[in-house]
Amino acid sequence: MSNLVLSESEKTFILHGVEQNFRVDGRTRSDVRPMVLETDIVSHASGSCRLRLANTDILVGIKAELEKPLPQHPDRGRIEFSVDCSANATPAFEGRGGDDLAADISRILASSYESPEVLNLAPLCILPGKTCWILYVDILVLEVGGNLYDAVSMAVKSALYSTKIPVVTVSAVDGGEPELELSSDPYNHSRLSIQAAPLLVTMVRIGN
């Protein structure tokens with residue numbers, strides 16, 4: 001994304017405002033932008049969220065699918081992040097302008113959720129080394145109006161909160177592979193504990 005070029009007068013105006021705890025849009029230094037958050041808005045997703053933080057607009061959909069655990073973590077589920085920056089989100093995203101930013105957001109989210117102390121994926125394991133739930137977290141950046149990383153992290157955490165994992169029953173079969181049966185009851189599901197899930201906070205130092 002291109003950097004905003006400010007004149008010396010504009011820099012001085014912003015600096016004086018910060019010193020007096022007053023921003024150009026009327027907020028104080030600690031005030032956040034107006035926020036609207038909705039969950040369960042994508043009917044075919046396991047969990048979803050749309051978050052509007054002033055002019056920043058983020059849509060997150062999560063799909064739970066049965067896959068094989070990773071060899072290094074045979075006793076827990078998996079989570080993968082995919083970010084797509086809409087070409088209409090900002091003029092800087094036209095063409096492939098948002099690809100680098102999308103890759104960076106995906107990398108930071110994967111790193112933030114890597115520790116089991118942040119998000120315990122053990123309950124997503126059904127058969128150690130054989131079957132687990134994998135959460136595909138798809139993030140669409142619809143519009144960029146500031147605090148993008150913060151907004152994405154809030155939308156992801158909210159979507160994870162709304163995610164419903166179907167209950168799976170394992171039936172033992174003599175001399176054969178275990179059989180898995182997914183509950184067809186929409187109310188028979190489990191949820192992840194997201195209390196320790198991270199939120200990203202963007203901070204900028206202005207002046208002294």
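Below you will find a few notes about this structure.

About the cut-offs
- Residues numbered from 1 in each chain as written.
- Predicted model: local features only at pLDDT ≥ 70, side-chain atom pairs only at ≥ 80, totals over all residues.
- Heavy atoms only, no water.
- Helix = DSSP H or I, 4+ residues; strand = E, 2+ residues; numbered from the N terminus.
- Rg over C-alpha atoms; globule rule 2.2 N^0.38 Å.
- Phe/Tyr/Trp six-rings, centres within 6.5 Å; stacked < 30°, edge-to-face > 60°.
- Buried < 20%, exposed > 50% of the residue type's maximum accessible area, 1.4 Å probe, protein only.
- Core = buried A, V, L, I, M, F, W, Y, C linked by side-chain atoms within 4.5 Å.
- Contact = heavy atoms within 4.5 Å.
- Expected span 1.5 Å × (residues − 1).

Comments concerning the overall build of the chain
In step 1: Regarding its fold elements, the chain presents three helices and ten strands.
In step 2: Listing the helices and strands of the chain from first to last along the sequence gives α-β-β-β-β-α-β-β-α-β-β-β-β.
In step 3: In summary, the chain has a C-alpha radius of gyration of 21 Å against a globular reference of 17 Å for 208 residues, an excess of more than 25%.
In step 4: Overall, the chain is about 80 × 35 × 30 Å in size when its C-alpha atoms are taken along their principal axes.

With respect to the packing of aromatic side chains
In step 1: Per the counting criterion, the structure on display carries one aromatic pair.
In step 2: Here the aromatic rings of Phe-81 and Tyr-113 are separated by 5.4 Å at their centres, their planes lie at 45 degrees, and the arrangement is tilted. Taken as a pair, Phe-81 in strand S4 (residues 78-85) and Tyr-113 in the loop between helix H2 (99-112) and strand S5 (125-127) lie far apart in primary sequence, 32 residues in all.
In step 3: Exposure remark for Tyr-113: the relative accessible area of 4% places this residue in the buried category.

Considerations on the nonpolar core
In step 1: If you look at the biggest cluster of nonpolar residues, it comprises 42 residues, and the most contacted ones within it are Ile-139 and Val-156.
In step 2: For this core, the secondary-structure elements that each account for two or more residues are strand S2 (47-53), strand S3 (56-67), S4, H2, S5, strand S6 (131-143) and helix H3 (148-162).
In step 3: Top element by residues in this core is H3. It accounts for seven residues.
In step 4: With residues near it in sequence (within four places) discarded, Ile-139 still touches Ile-58, Leu-59, Val-60, Phe-81, Ser-82, Val-83, Asp-84, Leu-109, Val-152 and Val-156.

Thoughts on H2
In step 1: Taking 1.5 Å per residue as the helical rise, H2 with its 14 residues ought to reach 20 Å, and the 20 Å between its terminal C-alpha atoms agrees with that figure.
In step 2: Where the residues of H2 are buried, they touch S4, S6 and H3.

What is shown is where atoms sit, not what they do.
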